[in-house]
Amino acid sequence: KNITKRYDTRALENEKNDLQQQLVIAAEKEKSSKWKIIFLIIIVIISTLIIYYNHRKKLFYKKRFEELISDDYKKQNKTQNIQEKSLGIPEEIVISILDKLSLFETKKEFLEQELTREILAQKFGTNTKYISKIINHYKNKNFRDYINDLRIEYSVKELKKNAELRKYTIKSIANEIGYKSVDSFSKAFKKHTGVQVSYFIRELKKS
């Protein structure tokens, strides 16, 4: 009885403890394996989504590029009928400012770097309130977007026909069309055309 109690029971307890430890280790390994599998599945899903997104983005860029270089690409700045709505501005002043805006676009004065609404109002001999109201109504955009769109439309046109301009750095092109920083130019170009300026120039060089 003493031998059984002292030795056999102790041996069984040791075996039990060993088995418990092995079960705990096995459970931890199984848990770790499950997390690894879950992690791999997440990685595969994310990778698939990224590939799909990049593919869709590439197709969209290609389509927008083809639209931009086509002969059907036209200015988006369209003047509306001046009798559509009363702006609280005398009609002769409205007509005068619209004529001056037309001349402003023809002379490409929108390429001036220091151009502001105040400077334009001073050039036209009017006030900023009239300038804002007329551009908002007849150009269907605010002053900033109006100037940005004119500049980007001009840059697209020039890049299409001027191979030398495509050799310039993006910073130089930005300065040429009135922007002080590359970031402002890049954001305006992407907003107006839907593609990055670097992509547009690269595809033009290929074609």
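Residues numbered from 1 in each chain as written. Predicted model: local features only at pLDDT ≥ 70, side-chain atom pairs only at ≥ 80, totals over all residues. Heavy atoms only, no water.

Visitor: What am I meant to see in the overall build of the protein here?
Guide: The helix and strand tally for the protein stands at eight helices and zero strands. Starting at the N terminus and ending at the C terminus, the protein contains elements arranged as α-α-α-α-α-α-α-α. Looking at the 207 residues of the protein, the share that counts as buried comes to 30%. Across the protein, every contact between residues at least 6 apart in sequence was considered, and the portion connecting residues at least 24 apart equals 69%. Carbon and sulfur atoms provide 54% of the accessible area of the protein, an area that totals close to 14,700 Å². (Helix = DSSP H or I, 4+ residues; strand = E, 2+ residues; numbered from the N terminus. Buried < 20%, exposed > 50% of the residue type's maximum accessible area, 1.4 Å probe, protein only. Contact = heavy atoms within 4.5 Å. Areas by Shrake-Rupley, 256 points an atom, 1.4 Å probe, with all protein chains shown as cover.)

Visitor: Help me understand the confidence of the model for the protein, please; the structure alone is not making it clear to me.
Guide: The predicted coordinates of low-pLDDT regions are not to be read in fine detail. Confidence in the prediction for the protein averages 84 pLDDT; 87% of positions are at 70 or higher. pLDDT under 50 marks residues 75–84. Its contacts with residues more than four places away, or in other chains, come to 23 contacts. (pLDDT = per-residue confidence, 0-100.)

Visitor: What is the right way to read the environment of Lys58 from this model?
Guide: Summarising the element assignment, Lys58 is placed in helix α1 (residues 2–69). In sequence terms Lys58 and Val195 are 137 residues apart; their C-alpha atoms lie 9.9 Å from each other.

Visitor: Just checking my understanding: could you explain the packing of helix α5 (residues 143–161) against helix α8 (residues 197–206) for this structure?
Guide: It is the contact of α5 with α8, at a shortest axis distance of 10 Å, that shows an interaxial angle of 25 degrees. Between α5 and α8, the crossing angle belongs to the class labelled roughly parallel. Where α5 crosses over α8, the two elements pack in a sense that is right-handed. Residues Val156, Leu159 and Lys160 of α5 touch α8, and the partners they reach there are Phe200, Ile201 and Leu204. A class-by-class count of the residues in the contact of α5 with α8 yields five nonpolar, no polar and one charged. (Axes fitted to C-alpha atoms, helices over the stretch in contact; angles between N-to-C directions. Parallel < 35°, antiparallel > 145°, perpendicular 65-115°, else oblique. Left-handed = near helix turned anticlockwise from the far one by under 90°. Nonpolar A, V, L, I, M, F, W, Y, C, P; charged D, E, K, R; others polar.)

Visitor: Got a minute to help me understand the nonpolar core in this structure?
Guide: Note that soluble globular proteins tend to have their nonpolar side chains buried in a common cluster. The biggest cluster of nonpolar side chains holds 42 residues, and the ones touching the most others in it are Leu101, Phe104, Ile134, Phe185 and Phe200. In this view, Phe104 contacts Glu109, Phe110, Leu115, Leu120, Phe124, Tyr146, Ile147 and Leu150; residues no more than four positions away in its chain are not counted. (Core = buried A, V, L, I, M, F, W, Y, C linked by side-chain atoms within 4.5 Å.)

Visitor: For this particular structure, what's the right way to read α5?
Guide: Since the α-helix turns once every 3.6 residues, residues separated by three or four places project in the same direction. In a regular helix each residue adds 1.5 Å, so 19 residues correspond to 27 Å; α5 covers 28 Å between its end C-alpha atoms and thus fits that length. For α5, the buried fraction is high: 14 of the 19 residues fall into the buried class. Its side-chain oxygen 3.2 Å from the backbone nitrogen of Arg144, Asn142 forms the N-cap of α5. (Expected span 1.5 Å × (residues − 1). Polar contact = N/O pair within 3.5 Å; in protein donor to acceptor, adjacent residues only side chain to side chain.)

Visitor: Any chance you could explain the environment of Lys187 here in plain terms?
Guide: Following the sequence through the fold, Lys187 ends up in helix α7 (residues 182–193). Put simply, Lys187 and Val197 are 10 residues apart on the chain and 9.0 Å apart in space, counted from C-alpha to C-alpha.

Visitor: Which parts of the structure should I look at to understand unusual backbone geometry?
Guide: Negative phi characterises most residues that are not glycine, and trans characterises most peptide bonds. At Lys108, a position not held by glycine, the phi torsion is positive, near 60 degrees. By the element assignment, Lys108 lies in the loop between α2 (91–106) and α3 (117–124).

Visitor: Is there a simple way to think about the packing of aromatic side chains in this case?
Guide: The relative placement of two aromatic rings is captured by the distance of their centres and the angle of their planes. Taken as a whole and judged by the stated rule, the model has seven aromatic pairs. Taking the centre distance of 6.2 Å and the plane angle of 75 degrees together, the rings of Phe110 and Tyr154 count as edge-to-face. One end of the pair, Phe110, is in the loop between α2 and α3; the other, Tyr154, is in helix α5, with 44 residues separating them in the sequence. Accessibility expressed as a relative area gives 3% for Phe110, which makes it buried. Among the residues examined, Tyr154 registers a relative accessible area of 19% and is labelled buried. (Phe/Tyr/Trp six-rings, centres within 6.5 Å; stacked < 30°, edge-to-face > 60°.)

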